[in-house]
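Per-entry structural report
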Amino acid sequence: MKSIVNIGKLLVSIACVGALTTSCNSDFLDRPPLGTLDEVTYLSTKDAGYKLLVNCYQPLQDSWNYQDMKFVLGDQLSDDCSKGGSDAGDRVRITEIARGTPMATNQVLSDLWTHRYQTAISACNVFLSLITPESELIDDAGGLVSTETKQRWIAEAQFMRAFYYYDLATIFQNIPLIDKPMEVVDKSTITKSSKEEVMNFILKDLNTAIAEPNLPNAKSLPTSEIGRITKEAAMAFRARVLMFYGNYGEALKDLKTVVESGSYELVDDYEKLFNNATEGYMSKESVFITLRSYIPSYTSGSVCPQMNVGRGIAGGWGGECPTKDLVDEYEVGDPRLVHTVLSSGDIFVKNDGSEEVHDYSGYDNFPQQHSRKQYPDFSRRPLNDLLNTDWTHYHIRYADVLLMYAECLIETDGDKQLAADLINQVRYRAFVTTSLTDSYAKYRKFNLKESDRVTEDTFNAKYKVKASDDLRAAVRHERRIELAGEGLRFYDLIRWGTFVSTMQKFGKTDEGKYSGAGTLVTDKTYPYPIPQSEIDYVGGALTQNDNY
């Protein structure tokens, strides 16, 4: 079975199979243009079904509309990061949303809507409309694809459709539900569904995918297929969805199953997660990830390092700037800070031996900080630049699963000692076994000294969470610190019901006043406005969210 990792080699235009449903009266016009295939002919070609499946995963590779947008929406709309950039007017559309009063014409929101519907969900709908267990498909060797394989593919496409719909639901809340190719949808029928209907639609896709016996479990997935959906990854994501909608009891069941499956474990050193492909991205902590490799003259990496590394000598465009408010959340002696936040003045050594001294002054970076998690060291830059790297990010990792499990126990008045133990698994790795310094840097402001090292006895006495502690506060703190800069903060604040109060408080700080983030946030800010262009397109069948 091929790997989704090498996704770029297998692309096929959806237009070839999706845009052939119209007809004309003229015999001349009815002739298929040269170089195109009708659906039946296309599906008779080798590996056509698998290529359609690849198209369901491919939107995750979109540098701007998926990858960078993950951090724009998840971090830069929160108190964790500011947008950065060349000046205050650079990417001002992010500022408008972070401030709390975006227009219905906001380009970021429009791009999210367009990408998820027209590119991502559309690809899944095309696949699910054409591929059934009964479809006769030819594999790459010329034989017929087995029914079991097709059933696995269908489950993967259903998961990916739910995955993309969740992105829309968490921003707009009340959205249209389209489950067939866009070419055959009557636009006058495109109307909003309620929050509950959207939740049920997403969960139905996930339930069906998870129930499919041919969806493999994590332990049986070969290394060559890392990046494809497993049963445990689907259950972990279903738990995330359930928690967002406040159903902690059902989420608890999924998370318990994932943890007790024994499929995952924490990497011993937090630093490895973001700087090492085999010991990080491909480790047992990775639950769901889109791997990326740089292949000269064929593929480049993500735009995220280029966008979110410091300007000037560091070579980036200055986005994703962790706030001082975030830094202040770290406990003294927590090594995760050095592996999460870069500071102006930090020094790295280039491949030619010269020094790269980071200077974050002179552009829109009030905290003068950047994300270490998006900074690939020079050993990962074959051309010494930031675009051609193997950088990637996690969709779900095991530490997140452990903290979700702990949170569900807390919110359902479950086993408090177990909740504390789960939190402590994450904290133990952070304080006891994580590197105190940045192994790839000559100098880092947040490096710790050897004398700061936390022993097991010190951890037990000073840092270990107890069942009698305020566990809700403990798990919320831990999520912010452990997952900082990974695009999850905004969604946590929304589902906790603390977004408005948190952002209003942040808006009163010096950096909030500078960036504007949170200064106009009210209970009318969220959910965000449906793009006006989409409302206009369907002729009013789709209505604006009531708060706008």
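Residues numbered from 1 in each chain as written. Predicted model: local features only at pLDDT ≥ 70, side-chain atom pairs only at ≥ 80, totals over all residues. Heavy atoms only, no water.

Some points on the overall build of the protein chain
- Summing up its helical and strand segments, the protein chain has 23 helices and nine strands in all.
- Over its C-alpha atoms the protein chain spans a radius of gyration of 24 Å, differing by no more than 12% from the 24 Å that the globule rule assigns to 548 residues.
- Residues classed as buried in the protein chain amount to 58% of the 548 residues present.
- A sequence separation of at least 24 residues applies to 72% of the contacts in the protein chain between residues at least 6 apart.
- If you sum the accessible surface of the protein chain, you get close to 21700 Å²; carbon and sulfur atoms cover 50% of it.
- With 59 positive and 77 negative side-chain charges, the protein chain shows a spacing of 2 Å between the two charge centroids. (Helix = DSSP H or I, 4+ residues; strand = E, 2+ residues; numbered from the N terminus. Rg over C-alpha atoms; globule rule 2.2 N^0.38 Å. Buried < 20%, exposed > 50% of the residue type's maximum accessible area, 1.4 Å probe, protein only. Contact = heavy atoms within 4.5 Å. Areas by Shrake-Rupley, 256 points an atom, 1.4 Å probe, with all protein chains shown as cover. Lys, Arg positive; Asp, Glu negative; His and termini not counted. Charge placed at Lys NZ, Arg CZ, Asp CG, Glu CD.)

Quick word on the pattern of salt bridges
- Scanning the model with the defined rule gives 46 salt bridges in all.
- Among the ionic pairs, D364 bridges to K83, the shortest N-O distance being 2.8 Å. Taken together, the residues D364 in the loop between β6 (355-357) and β7 (369-371) and K83 in strand β1 (residues 81-84) connect sequence positions 281 residues apart. Summarising the burial analysis for this pair, D364 and K83 share the class buried. (Salt bridge = Lys/Arg side-chain N within 4 Å of Asp/Glu carboxyl O.)

Points about the sheet that holds strand β5 (residues 347-349)
- Taken in spatial order, the three strands line up as β6-β5-β9 in an open sheet, and their pairing is antiparallel. Unpaired on one side and paired on the other, β6 and β9 (441-443) mark the two borders of the sheet. For this sheet, the mean inter-axis angle between neighbouring strands, taken without regard to orientation, is 30°.
- Where β5 meets β9, two bridges bridge the pair, whose relative direction is antiparallel. Note on β9: the bridge partner recorded for F348 is A441. (Pairing = 2+ DSSP bridges. Axes fitted to C-alpha atoms, helices over the stretch in contact; angles between N-to-C directions.)

A few points about the environment of C321
- Its location among the elements puts C321 in strand β3 (residues 319-322).
- With 147 residues separating them along the chain, C321 and S468 place their C-alpha atoms 36 Å apart.

Observations regarding the domain arrangement of the protein chain
- For the protein chain, the assigned domains are domain 1 (39-67 + 106-215 + 497-547) and domain 2 (247-492).
- The C-alpha-based centres of domain 1 and domain 2 are spaced at 27 Å.
- Counting residues at the interface gives 20 residues for domain 1 and 22 residues for domain 2.
- With both chains or domains summed, domain 1 and domain 2 bury close to 1700 Å², and 67% of this area falls on carbon and sulfur atoms.
- The largest per-residue losses of area from domain 1 upon contact with domain 2 belong to Q67, E511 and Y514, which jointly make up 32% of the total buried on that side. (Domains from an automatic or database assignment. Buried area = accessible area lost by both parts, 1.4 Å probe.)

Describing helix α9 (residues 195-211)
- Along its 17 residues, α9 runs 24 Å from first to last C-alpha, staying within 8% of the 24 Å computed at 1.5 Å per residue.
- Among the residues making up α9, those that are buried are V198, M199, F201, I202, L203, D205, L206, A209 and I210.
- Summarising the contacts, the buried residues of α9 are in contact with α8 (147-172) and α10 (231-244). (Expected span 1.5 Å × (residues − 1).)

Concerning the nonpolar core
- Ranked by internal contacts, the top residues of the largest apolar core, which has 119 residues, are F159, M160, I202 and V401.
- The biggest single contributor to this core is α8, with 15 residues.
- Taken together, domain 1 (39-67 + 106-215 + 497-547) and domain 2 (247-492) each give at least three residues to this core, which thus spans both.
- Ranked by size, the runner-up nonpolar core spans 12 residues in total, among them Y281, L291, C304 and W391. (Core = buried A, V, L, I, M, F, W, Y, C linked by side-chain atoms within 4.5 Å.)

A look at the UniProt feature "domain: RagB/SusD" (unreviewed entry) in the protein chain
- Following the UniProt record, one finds the feature "domain: RagB/SusD" (unreviewed entry) at residues 315-548.
- Between the end C-alpha atoms of residues 315-548 the distance is 40 Å, and the span holds 37% helix and 10% strand. (UniProt positions renumbered as here; feature names shortened; annotations may be inferred.)

Quick look at the confidence of the model for the protein chain
- Mean pLDDT over the protein chain: 92, with 92% of residues reaching 70 or higher.
- Note on residues 3-31: pLDDT under 50 across the span, and 48 contacts to partners over four residues away in sequence or across chains. (pLDDT = per-residue confidence, 0-100.)

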